[in-house]
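Chain by chain, the residues:
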Amino acid sequence: MRTPAPAPTPSSAPQGTTRIVLTGILALAVAMGIGRFAFTPLLPLMLRDGNLDGAGGAEWAAANYIGYLLGAITAPRIGRDPVWGLRVALWGVALTTFAVGVLAGPQLNAAGAVLRLAAGVFSAWCLVCASSWCLAELARRGAAQRSAWVYTGVGFGICITGVLTWAGGAQPARALWLELGAVAAAGALLASLQRLETSTPPVAPHSATRGTAPAAPGRWALVFCYGSFGFGYIVPATFLPAMGRAQVADPAVFGISWPLFGLAAALSVAAAARWLARRPRRTVWALAQASMALGTGVLLVSQALWALAISAVLVGGTFMVATMAGLQLAREHAPENPTPLLARMTVAFALGQIAGPLLVRALGPARYGGHDALWWSNAAATGLLALTAVWLALPARARLPAHPSGEST
(Lines give C-alpha, C1' and ligand atoms only; values in the text may rest on other atoms or scores of the structure.)
Protein backbone atom coordinates (compact mmCIF):
# COMPACT_ATOMS: atom_id res chain seq x y z
CA MET A 1 0.00 0.00 0.00
CA ARG A 2 1.31 3.42 -0.88
CA THR A 3 2.25 5.81 1.89
CA PRO A 4 0.20 9.03 1.58
CA ALA A 5 2.26 11.92 0.32
CA PRO A 6 2.70 14.91 2.63
CA ALA A 7 0.44 17.87 2.12
CA PRO A 8 1.92 20.27 -0.44
CA THR A 9 3.43 23.49 0.79
CA PRO A 10 2.32 26.78 -0.79
CA SER A 11 5.52 26.91 -2.82
CA SER A 12 5.28 23.34 -4.12
CA ALA A 13 1.53 23.23 -4.86
CA PRO A 14 1.60 25.18 -8.16
CA GLN A 15 4.39 22.98 -9.54
CA GLY A 16 2.57 19.84 -8.38
CA THR A 17 -0.74 20.83 -9.92
CA THR A 18 0.93 21.73 -13.21
CA ARG A 19 2.53 18.29 -13.38
CA ILE A 20 -0.82 16.64 -12.68
CA VAL A 21 -2.59 18.66 -15.37
CA LEU A 22 0.16 17.99 -17.94
CA THR A 23 0.10 14.26 -17.16
CA GLY A 24 -3.66 14.20 -17.67
CA ILE A 25 -3.36 16.10 -20.95
CA LEU A 26 -0.72 13.62 -22.17
CA ALA A 27 -2.81 10.60 -21.19
CA LEU A 28 -5.99 11.86 -22.87
CA ALA A 29 -4.06 12.94 -25.97
CA VAL A 30 -2.81 9.37 -26.42
CA ALA A 31 -6.01 7.62 -25.36
CA MET A 32 -8.45 9.72 -27.37
CA GLY A 33 -6.37 11.27 -30.13
CA ILE A 34 -4.89 7.89 -31.08
CA GLY A 35 -6.80 5.15 -29.24
CA ARG A 36 -10.22 6.39 -30.30
CA PHE A 37 -9.77 8.73 -33.24
CA ALA A 38 -6.61 7.78 -35.18
CA PHE A 39 -8.76 5.80 -37.59
CA THR A 40 -10.68 8.89 -38.74
CA PRO A 41 -7.87 10.60 -40.68
CA LEU A 42 -6.41 7.23 -41.72
CA LEU A 43 -9.64 5.87 -43.23
CA PRO A 44 -9.41 7.83 -46.52
CA LEU A 45 -5.76 6.81 -46.88
CA MET A 46 -6.64 3.15 -46.31
CA LEU A 47 -9.39 3.48 -48.91
CA ARG A 48 -6.83 5.00 -51.29
CA ASP A 49 -4.37 2.16 -50.68
CA GLY A 50 -7.04 -0.51 -51.09
CA ASN A 51 -6.52 -1.80 -47.54
CA LEU A 52 -10.20 -1.37 -46.64
CA ASP A 53 -13.52 -0.59 -48.27
CA GLY A 54 -16.28 1.70 -47.04
CA ALA A 55 -18.26 -1.10 -45.39
CA GLY A 56 -15.17 -2.34 -43.59
CA GLY A 57 -14.43 1.20 -42.45
CA ALA A 58 -17.86 1.48 -40.84
CA GLU A 59 -17.31 -1.87 -39.11
CA TRP A 60 -13.93 -0.77 -37.73
CA ALA A 61 -15.45 2.44 -36.42
CA ALA A 62 -18.36 0.61 -34.79
CA ALA A 63 -15.95 -1.92 -33.25
CA ASN A 64 -13.97 0.88 -31.60
CA TYR A 65 -17.12 2.41 -30.12
CA ILE A 66 -18.33 -0.99 -28.89
CA GLY A 67 -14.94 -1.40 -27.24
CA TYR A 68 -15.35 1.99 -25.61
CA LEU A 69 -18.71 0.90 -24.21
CA LEU A 70 -17.18 -2.33 -22.87
CA GLY A 71 -14.31 -0.33 -21.40
CA ALA A 72 -16.70 2.02 -19.65
CA ILE A 73 -18.58 -0.93 -18.13
CA THR A 74 -15.41 -2.61 -16.85
CA ALA A 75 -13.58 0.58 -15.85
CA PRO A 76 -14.73 0.65 -12.19
CA ARG A 77 -12.70 -2.47 -11.47
CA ILE A 78 -9.62 -1.12 -13.30
CA GLY A 79 -10.05 2.27 -11.65
CA ARG A 80 -9.49 0.87 -8.15
CA ASP A 81 -5.81 1.64 -8.76
CA PRO A 82 -5.94 4.51 -11.25
CA VAL A 83 -2.17 4.89 -11.64
CA TRP A 84 -1.72 1.22 -12.53
CA GLY A 85 -4.79 1.30 -14.79
CA LEU A 86 -3.54 4.43 -16.55
CA ARG A 87 -0.21 2.82 -17.42
CA VAL A 88 -1.80 -0.44 -18.60
CA ALA A 89 -4.29 1.46 -20.76
CA LEU A 90 -1.65 3.68 -22.38
CA TRP A 91 0.55 0.72 -23.29
CA GLY A 92 -2.53 -1.10 -24.58
CA VAL A 93 -3.34 1.81 -26.92
CA ALA A 94 0.27 1.86 -28.16
CA LEU A 95 0.44 -1.89 -28.84
CA THR A 96 -2.94 -2.16 -30.59
CA THR A 97 -2.15 0.86 -32.78
CA PHE A 98 1.24 -0.54 -33.76
CA ALA A 99 -0.29 -3.96 -34.47
CA VAL A 100 -2.70 -2.51 -37.06
CA GLY A 101 0.31 -1.29 -39.03
CA VAL A 102 1.92 -4.74 -38.90
CA LEU A 103 -1.12 -6.51 -40.35
CA ALA A 104 -1.52 -6.95 -44.09
CA GLY A 105 -3.50 -9.04 -46.53
CA PRO A 106 -6.76 -10.89 -45.95
CA GLN A 107 -6.44 -10.93 -42.14
CA LEU A 108 -6.43 -7.13 -41.95
CA ASN A 109 -10.20 -6.63 -42.13
CA ALA A 110 -11.29 -8.91 -39.27
CA ALA A 111 -8.17 -8.68 -37.11
CA GLY A 112 -8.07 -4.90 -37.52
CA ALA A 113 -11.64 -4.61 -36.23
CA VAL A 114 -10.67 -6.67 -33.17
CA LEU A 115 -7.66 -4.44 -32.54
CA ARG A 116 -9.78 -1.29 -32.83
CA LEU A 117 -12.27 -2.82 -30.38
CA ALA A 118 -9.41 -3.43 -27.94
CA ALA A 119 -8.15 0.13 -28.46
CA GLY A 120 -11.63 1.36 -27.54
CA VAL A 121 -11.51 -0.61 -24.29
CA PHE A 122 -8.08 0.78 -23.41
CA SER A 123 -9.08 4.36 -24.27
CA ALA A 124 -12.10 4.14 -21.95
CA TRP A 125 -9.93 2.78 -19.15
CA CYS A 126 -7.44 5.58 -19.68
CA LEU A 127 -10.14 8.25 -19.61
CA VAL A 128 -11.56 6.87 -16.36
CA CYS A 129 -8.21 6.37 -14.65
CA ALA A 130 -6.78 9.70 -15.76
CA SER A 131 -9.92 11.48 -14.57
CA SER A 132 -9.96 9.62 -11.25
CA TRP A 133 -6.32 10.34 -10.48
CA CYS A 134 -6.11 13.90 -11.81
CA LEU A 135 -9.36 15.16 -10.27
CA ALA A 136 -8.62 13.62 -6.87
CA GLU A 137 -5.07 15.01 -6.74
CA LEU A 138 -6.11 18.48 -7.92
CA ALA A 139 -8.91 18.59 -5.33
CA ARG A 140 -6.49 17.59 -2.56
CA ARG A 141 -4.28 20.52 -3.53
CA GLY A 142 -7.20 22.94 -3.58
CA ALA A 143 -6.97 23.34 -7.37
CA ALA A 144 -10.16 21.64 -8.53
CA GLN A 145 -10.89 24.60 -10.80
CA ARG A 146 -7.96 23.53 -12.99
CA SER A 147 -9.50 20.13 -13.75
CA ALA A 148 -11.23 21.34 -16.94
CA TRP A 149 -7.83 21.97 -18.50
CA VAL A 150 -7.07 18.24 -18.37
CA TYR A 151 -9.71 17.68 -21.05
CA THR A 152 -7.95 19.90 -23.56
CA GLY A 153 -5.80 16.80 -24.05
CA VAL A 154 -8.56 15.22 -26.13
CA GLY A 155 -8.50 18.03 -28.67
CA PHE A 156 -4.72 18.33 -28.68
CA GLY A 157 -4.40 14.58 -29.30
CA ILE A 158 -6.84 14.73 -32.21
CA CYS A 159 -5.00 17.74 -33.62
CA ILE A 160 -1.55 16.12 -33.35
CA THR A 161 -2.81 12.90 -34.94
CA GLY A 162 -4.42 14.91 -37.72
CA VAL A 163 -1.26 16.90 -38.39
CA LEU A 164 0.87 13.74 -38.53
CA THR A 165 -1.45 12.02 -40.99
CA TRP A 166 -1.93 15.22 -42.99
CA ALA A 167 1.79 15.94 -43.31
CA GLY A 168 2.57 12.28 -44.02
CA GLY A 169 -0.38 11.61 -46.31
CA ALA A 170 1.89 10.62 -49.20
CA GLN A 171 3.05 7.58 -47.20
CA PRO A 172 1.20 4.26 -47.16
CA ALA A 173 -1.44 4.11 -44.43
CA ARG A 174 0.38 1.17 -42.82
CA ALA A 175 3.45 3.34 -42.25
CA LEU A 176 1.32 5.98 -40.53
CA TRP A 177 -0.23 3.37 -38.22
CA LEU A 178 3.30 2.34 -37.20
CA GLU A 179 4.33 5.96 -36.63
CA LEU A 180 1.26 6.67 -34.50
CA GLY A 181 1.98 3.50 -32.54
CA ALA A 182 5.46 4.83 -31.86
CA VAL A 183 4.03 8.18 -30.72
CA ALA A 184 1.61 6.40 -28.39
CA ALA A 185 4.47 4.27 -27.03
CA ALA A 186 6.51 7.40 -26.35
CA GLY A 187 3.58 8.88 -24.44
CA ALA A 188 3.09 5.65 -22.47
CA LEU A 189 6.79 5.55 -21.63
CA LEU A 190 6.79 9.16 -20.47
CA ALA A 191 3.77 8.54 -18.25
CA SER A 192 5.32 5.35 -16.86
CA LEU A 193 8.50 7.19 -15.91
CA GLN A 194 6.53 9.76 -13.92
CA ARG A 195 6.25 9.22 -10.18
CA LEU A 196 2.47 9.27 -9.93
CA GLU A 197 1.44 8.82 -6.31
CA THR A 198 -2.11 8.17 -5.23
CA SER A 199 -2.37 10.20 -2.06
CA THR A 200 -6.14 9.97 -1.72
CA PRO A 201 -8.51 7.03 -2.10
CA PRO A 202 -9.22 6.44 -5.80
CA VAL A 203 -12.31 8.15 -7.09
CA ALA A 204 -13.65 5.16 -8.95
CA PRO A 205 -16.66 5.66 -11.21
CA HIS A 206 -19.66 3.46 -10.69
CA SER A 207 -22.21 1.92 -12.97
CA ALA A 208 -25.92 1.60 -12.48
CA THR A 209 -26.75 -1.24 -10.13
CA ARG A 210 -29.81 -3.26 -9.47
CA GLY A 211 -32.20 -1.73 -7.05
CA THR A 212 -31.59 1.90 -8.06
CA ALA A 213 -34.64 4.07 -8.35
CA PRO A 214 -35.99 4.55 -11.85
CA ALA A 215 -35.14 7.84 -13.52
CA ALA A 216 -37.79 10.57 -13.47
CA PRO A 217 -39.32 11.49 -16.86
CA GLY A 218 -37.26 14.68 -17.08
CA ARG A 219 -34.10 12.75 -16.41
CA TRP A 220 -34.92 10.28 -19.16
CA ALA A 221 -35.10 13.31 -21.45
CA LEU A 222 -31.55 14.18 -20.38
CA VAL A 223 -30.53 10.64 -21.25
CA PHE A 224 -32.13 11.02 -24.68
CA CYS A 225 -30.39 14.36 -25.25
CA TYR A 226 -27.02 12.87 -24.37
CA GLY A 227 -27.58 9.84 -26.58
CA SER A 228 -28.59 12.18 -29.44
CA PHE A 229 -25.36 14.06 -28.89
CA GLY A 230 -23.41 10.79 -29.20
CA PHE A 231 -25.17 9.98 -32.47
CA GLY A 232 -24.98 13.53 -33.79
CA TYR A 233 -21.28 14.18 -33.49
CA ILE A 234 -19.99 10.76 -34.47
CA VAL A 235 -20.76 10.82 -38.20
CA PRO A 236 -18.61 13.89 -38.94
CA ALA A 237 -16.10 12.76 -36.29
CA THR A 238 -15.69 9.49 -38.19
CA PHE A 239 -16.11 10.41 -41.83
CA LEU A 240 -15.05 14.07 -42.35
CA PRO A 241 -11.67 13.25 -43.96
CA ALA A 242 -13.28 10.56 -46.11
CA MET A 243 -15.84 13.11 -47.31
CA GLY A 244 -12.97 15.48 -48.08
CA ARG A 245 -11.24 12.79 -50.15
CA ALA A 246 -14.37 12.49 -52.28
CA GLN A 247 -13.85 16.14 -53.28
CA VAL A 248 -10.06 16.28 -53.65
CA ALA A 249 -7.77 13.29 -53.93
CA ASP A 250 -4.72 15.10 -52.54
CA PRO A 251 -4.35 14.19 -48.81
CA ALA A 252 -2.54 17.50 -48.26
CA VAL A 253 -5.88 19.19 -49.02
CA PHE A 254 -8.61 16.91 -47.65
CA GLY A 255 -6.59 15.96 -44.57
CA ILE A 256 -6.71 19.46 -43.08
CA SER A 257 -10.26 18.94 -41.76
CA TRP A 258 -9.11 16.66 -38.91
CA PRO A 259 -6.42 18.94 -37.42
CA LEU A 260 -9.03 21.71 -37.51
CA PHE A 261 -11.49 19.46 -35.67
CA GLY A 262 -8.98 18.71 -32.91
CA LEU A 263 -7.74 22.29 -32.58
CA ALA A 264 -11.31 23.53 -32.27
CA ALA A 265 -11.99 20.92 -29.56
CA ALA A 266 -8.94 21.93 -27.54
CA LEU A 267 -9.54 25.68 -27.81
CA SER A 268 -13.25 25.37 -27.00
CA VAL A 269 -12.57 23.49 -23.77
CA ALA A 270 -9.95 26.06 -22.80
CA ALA A 271 -12.39 28.88 -23.55
CA ALA A 272 -15.17 27.19 -21.57
CA ALA A 273 -12.86 26.69 -18.62
CA ARG A 274 -11.90 30.34 -18.74
CA TRP A 275 -15.12 32.19 -19.57
CA LEU A 276 -18.16 29.91 -19.18
CA ALA A 277 -17.56 28.45 -15.72
CA ARG A 278 -20.41 30.48 -14.18
CA ARG A 279 -22.95 30.12 -16.98
CA PRO A 280 -25.88 27.70 -16.43
CA ARG A 281 -24.90 24.23 -17.61
CA ARG A 282 -28.22 23.86 -19.39
CA THR A 283 -27.54 26.97 -21.48
CA VAL A 284 -24.00 25.89 -22.31
CA TRP A 285 -25.16 22.45 -23.40
CA ALA A 286 -28.01 23.87 -25.51
CA LEU A 287 -25.60 26.21 -27.31
CA ALA A 288 -23.15 23.38 -27.92
CA GLN A 289 -25.89 21.08 -29.22
CA ALA A 290 -27.23 23.83 -31.52
CA SER A 291 -23.73 24.53 -32.87
CA MET A 292 -23.29 20.84 -33.64
CA ALA A 293 -26.63 20.86 -35.47
CA LEU A 294 -25.32 23.70 -37.66
CA GLY A 295 -22.10 21.75 -38.20
CA THR A 296 -23.93 18.64 -39.43
CA GLY A 297 -26.58 20.71 -41.23
CA VAL A 298 -24.07 22.53 -43.42
CA LEU A 299 -23.09 19.15 -44.89
CA LEU A 300 -26.66 18.75 -46.16
CA VAL A 301 -26.23 21.89 -48.25
CA SER A 302 -22.76 21.17 -49.57
CA GLN A 303 -19.87 18.76 -49.08
CA ALA A 304 -17.33 21.10 -50.64
CA LEU A 305 -14.13 21.76 -48.75
CA TRP A 306 -15.43 25.03 -47.28
CA ALA A 307 -18.43 23.17 -45.83
CA LEU A 308 -16.20 20.45 -44.40
CA ALA A 309 -14.01 23.08 -42.73
CA ILE A 310 -17.05 24.80 -41.19
CA SER A 311 -18.38 21.45 -39.98
CA ALA A 312 -15.01 20.56 -38.45
CA VAL A 313 -14.93 23.82 -36.48
CA LEU A 314 -18.59 23.73 -35.37
CA VAL A 315 -18.67 20.06 -34.36
CA GLY A 316 -15.10 19.83 -33.13
CA GLY A 317 -15.49 23.07 -31.23
CA THR A 318 -18.48 21.90 -29.24
CA PHE A 319 -18.41 18.14 -28.65
CA MET A 320 -16.14 18.27 -25.59
CA VAL A 321 -18.01 21.29 -24.21
CA ALA A 322 -21.27 19.35 -24.55
CA THR A 323 -19.67 16.40 -22.76
CA MET A 324 -18.67 18.50 -19.74
CA ALA A 325 -21.88 20.51 -19.59
CA GLY A 326 -24.11 17.46 -19.95
CA LEU A 327 -22.48 15.56 -17.10
CA GLN A 328 -22.44 18.65 -14.89
CA LEU A 329 -26.16 19.18 -15.54
CA ALA A 330 -26.84 15.57 -14.57
CA ARG A 331 -25.11 16.17 -11.24
CA GLU A 332 -27.19 19.30 -10.67
CA HIS A 333 -30.46 17.44 -11.13
CA ALA A 334 -29.51 14.39 -9.09
CA PRO A 335 -27.31 15.84 -6.35
CA GLU A 336 -28.38 13.22 -3.82
CA ASN A 337 -27.10 10.32 -5.97
CA PRO A 338 -26.03 11.21 -9.52
CA THR A 339 -24.42 7.85 -10.28
CA PRO A 340 -27.46 6.09 -11.86
CA LEU A 341 -28.24 9.08 -14.09
CA LEU A 342 -24.59 9.49 -15.13
CA ALA A 343 -24.41 5.78 -15.94
CA ARG A 344 -27.57 5.90 -18.08
CA MET A 345 -26.28 8.95 -19.93
CA THR A 346 -22.91 7.30 -20.59
CA VAL A 347 -24.55 4.18 -21.97
CA ALA A 348 -26.89 6.27 -24.15
CA PHE A 349 -23.92 8.22 -25.51
CA ALA A 350 -22.00 5.03 -26.31
CA LEU A 351 -25.03 3.50 -28.02
CA GLY A 352 -25.58 6.68 -30.02
CA GLN A 353 -22.05 6.71 -31.38
CA ILE A 354 -22.26 3.02 -32.19
CA ALA A 355 -25.51 3.63 -34.10
CA GLY A 356 -23.94 6.31 -36.35
CA PRO A 357 -21.43 4.12 -38.23
CA LEU A 358 -23.87 1.21 -38.22
CA LEU A 359 -26.49 3.38 -39.95
CA VAL A 360 -23.95 4.31 -42.62
CA ARG A 361 -23.13 0.62 -42.99
CA ALA A 362 -26.80 -0.40 -43.19
CA LEU A 363 -27.62 2.17 -45.89
CA GLY A 364 -24.64 0.98 -47.92
CA PRO A 365 -23.50 2.41 -51.25
CA ALA A 366 -27.02 2.90 -52.66
CA ARG A 367 -28.53 6.37 -53.06
CA TYR A 368 -31.96 7.26 -51.70
CA GLY A 369 -33.74 10.30 -53.11
CA GLY A 370 -30.50 11.28 -54.80
CA HIS A 371 -28.44 11.25 -51.59
CA ASP A 372 -25.89 8.82 -50.18
CA ALA A 373 -25.65 7.16 -46.76
CA LEU A 374 -23.53 9.94 -45.22
CA TRP A 375 -26.05 12.60 -46.28
CA TRP A 376 -28.96 10.73 -44.70
CA SER A 377 -26.97 10.02 -41.54
CA ASN A 378 -26.09 13.69 -41.23
CA ALA A 379 -29.75 14.58 -41.81
CA ALA A 380 -30.79 12.34 -38.93
CA ALA A 381 -28.03 13.82 -36.76
CA THR A 382 -29.09 17.38 -37.58
CA GLY A 383 -32.71 16.69 -36.70
CA LEU A 384 -31.90 15.04 -33.37
CA LEU A 385 -29.37 17.71 -32.37
CA ALA A 386 -31.74 20.57 -33.25
CA LEU A 387 -34.66 18.95 -31.42
CA THR A 388 -32.67 18.35 -28.24
CA ALA A 389 -31.08 21.82 -28.37
CA VAL A 390 -34.57 23.36 -28.37
CA TRP A 391 -35.63 21.17 -25.44
CA LEU A 392 -32.51 22.11 -23.47
CA ALA A 393 -33.15 25.80 -24.16
CA LEU A 394 -36.59 25.62 -22.53
CA PRO A 395 -36.88 26.88 -18.94
CA ALA A 396 -35.68 24.17 -16.57
CA ARG A 397 -38.85 24.33 -14.52
CA ALA A 398 -40.87 23.21 -17.54
CA ARG A 399 -39.14 19.84 -17.70
CA LEU A 400 -37.00 19.06 -14.69
CA PRO A 401 -37.14 19.37 -10.91
CA ALA A 402 -36.09 22.79 -9.73
CA HIS A 403 -32.41 23.19 -8.86
CA PRO A 404 -30.16 26.24 -9.07
CA SER A 405 -29.40 26.46 -12.79
CA GLY A 406 -26.00 28.00 -12.35
CA GLU A 407 -24.79 25.53 -9.81
CA SER A 408 -21.74 23.57 -10.90
CA THR A 409 -19.87 20.66 -9.51
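Check the entry above for the structure.
Residues numbered from 1 in each chain as written. Predicted model: local features only at pLDDT ≥ 70, side-chain atom pairs only at ≥ 80, totals over all residues. Heavy atoms only, no water.

## Here's the deal with the overall build of the protein
Within the protein, the secondary structure is distributed over 15 helices and zero strands. Taking all 409 residues of the protein together, the buried fraction comes to 55%. Within the protein, contacts between residues at least 6 apart in sequence are counted, and of these 86% link residues at least 24 apart. For the protein, the accessible surface area stands at approximately 16,700 Å², while carbon and sulfur atoms represent 68% of it. (Helix = DSSP H or I, 4+ residues; strand = E, 2+ residues; numbered from the N terminus. Buried < 20%, exposed > 50% of the residue type's maximum accessible area, 1.4 Å probe, protein only. Contact = heavy atoms within 4.5 Å. Areas by Shrake-Rupley, 256 points an atom, 1.4 Å probe, with all protein chains shown as cover.)

## Section: a nonpolar patch on the surface
Side chains of Val163, Trp166, Ile256, Leu260 and Val313 sit close together on the surface and give an oily, nonpolar patch of about 350 Å² of accessible area. Note that Val163 resides in helix H6 (residues 152-167). Judged by relative accessible area, Val163 falls into the partly exposed class, the value being 35%. (Patch = residues over 30% accessible without salt bridge, like charges linked within 9 Å, V, L, I, M, F, W, Y side chains within 5 Å. Salt bridge = Lys/Arg side-chain N within 4 Å of Asp/Glu carboxyl O.)

## Considering helix H3 (residues 54-78)
Its 25 residues give H3 an end-to-end C-alpha distance of 35 Å, which sits within 8% of 36 Å, the value for a rise of 1.5 Å per residue. At Ala72, H3 is deflected by roughly 35°, the largest bend along its length, and proline Pro76 occurs up to four residues later in sequence. Two or three places before Gly56, at the start of H3, stands the capping residue Asp53, its side-chain oxygen 2.7 Å from that residue's backbone nitrogen. (Expected span 1.5 Å × (residues − 1). Bend = angle between axes of the 7 residues up to and from the residue. Polar contact = N/O pair within 3.5 Å; in protein donor to acceptor, adjacent residues only side chain to side chain.)

## Looking at the pattern of salt bridges
As enumerated under the stated definition, the model contains four salt bridges in all. Notably, a salt bridge pairs Arg361 with Glu59, separated by 3.1 Å at the nearest N-O pair. Of the two residues, Arg361 sits in helix H14 (residues 339-363) while Glu59 sits in helix H3, which places them 302 residues apart along the sequence. Residue Arg361 is classed as partly exposed on the basis of its relative accessible area, which comes to 35%. By relative accessible area, which is 36% here, Glu59 ends up partly exposed. Between Arg141 and Glu137 there is a salt bridge, and its shortest N-O distance comes to 2.9 Å. Of the two residues examined, Arg141 and Glu137, each falls in the buried class. Put simply, Glu137, Arg140 and Arg141 are held in one network by salt bridges that share partners.

## Things to note about the environment of Ser291
Note that Ser291 resides in helix H11 (residues 281-301). As a C-alpha pair, Ser291 and Leu385 span 94 residues in sequence and 8.9 Å in three-dimensional space. Other than its neighbours up to four places away in sequence, Ser291 contacts Leu314 and Thr318.

## Let's talk about the nonpolar core
Core analysis: the biggest nonpolar cluster contains 114 residues, and Trp60, Tyr233, Phe261, Trp285 and Phe319 have the highest contact counts within it. In terms of residues, this core owes the most to one element, helix H5 (residues 107-140), which gives 15 residues. Those residues in contact with Phe319, other than ones at most four positions away along the chain, are Val154, Ile158, Phe229, Tyr233, Phe261, Ala265 and Met292. (Core = buried A, V, L, I, M, F, W, Y, C linked by side-chain atoms within 4.5 Å.)

## Observations concerning the packing of H11 against helix H15 (residues 373-393)
A pair of packed helices is captured by two measures, namely the crossing angle of their axes and the spacing between those axes. Closest axis-to-axis distance for the H11/H15 pair is 8 Å, and the angle between their directions is 155°. As far as their axial angle goes, H15 and H11 are roughly antiparallel. In this structure, H11 crosses over H15, and the sense of that crossing is left-handed. Between H11, through Arg282, Trp285, Ala286, Gln289, Ala290, Met292, Ala293, Thr296, Gly297, Leu299 and Leu300, and H15, the contact on the second element is made entirely by Trp375, Asn378, Ala379, Ala381, Thr382, Leu385, Ala386, Thr388, Ala389, Trp391, Leu392 and Ala393. Looking at the contact of H11 with H15 residue by residue, the classes come out as 16 nonpolar, six polar and one charged. (Axes fitted to C-alpha atoms, helices over the stretch in contact; angles between N-to-C directions. Parallel < 35°, antiparallel > 145°, perpendicular 65-115°, else oblique. Left-handed = near helix turned anticlockwise from the far one by under 90°. Nonpolar A, V, L, I, M, F, W, Y, C, P; charged D, E, K, R; others polar.)

## Some details on the state of the cysteines
Summed over the entire model, instances satisfying the criterion amount to zero disulfides. Residue Cys126 stays outside any disulfide, its sulfur separated by 7.4 Å from that of Cys129, the closest cysteine. Exposure remark for Cys126: the relative accessible area of 0% places this residue in the buried category. (Disulfide = S-S within 2.5 Å.)

## Notes on the environment of Ala322
The residue Ala322 is located in helix H13 (residues 319-333) in this model. By relative accessible area, Ala322 is classed as buried at 0%. Separated by 92 residues in sequence, Ala322 and Gly230 place their C-alpha atoms 10.0 Å apart. Residues in contact with Ala322, not counting those within four places in the same chain, are Tyr226, Phe229, Trp285, Ala288, Gln289 and Met292.

## Overview of the packing of aromatic side chains
In total, this model carries 14 aromatic pairs according to the counting rule given. The interplanar angle of 80° and the centroid separation of 6.4 Å between the aromatic rings of Phe37 and Phe319 together place this pair among those described as edge-to-face. With Phe37 in the loop between helix H1 (13-36) and helix H2 (39-49) and Phe319 in helix H13, the pair connects residues that are 282 residues apart, well separated along the chain. With a centroid separation of 4.6 Å and 15° between ring planes, the pair formed by Trp258 and Phe261 is classed as stacked. You can see Trp258 and its partner Phe261 sitting in helix H10 (residues 257-275), three residues apart, about one turn around the helix. Owing to a relative accessible area of 0%, Trp258 belongs among the buried residues under this scheme. Phe261 gets classed as buried once you look at its relative accessible area, which sits at 0%. Cation over ring: Arg36 sits above Tyr68, and NZ or CZ is 4.1 Å from the ring centre. (Phe/Tyr/Trp six-rings, centres within 6.5 Å; stacked < 30°, edge-to-face > 60°. Lys NZ or Arg CZ within 6 Å of the ring centre and 35° of its normal.)

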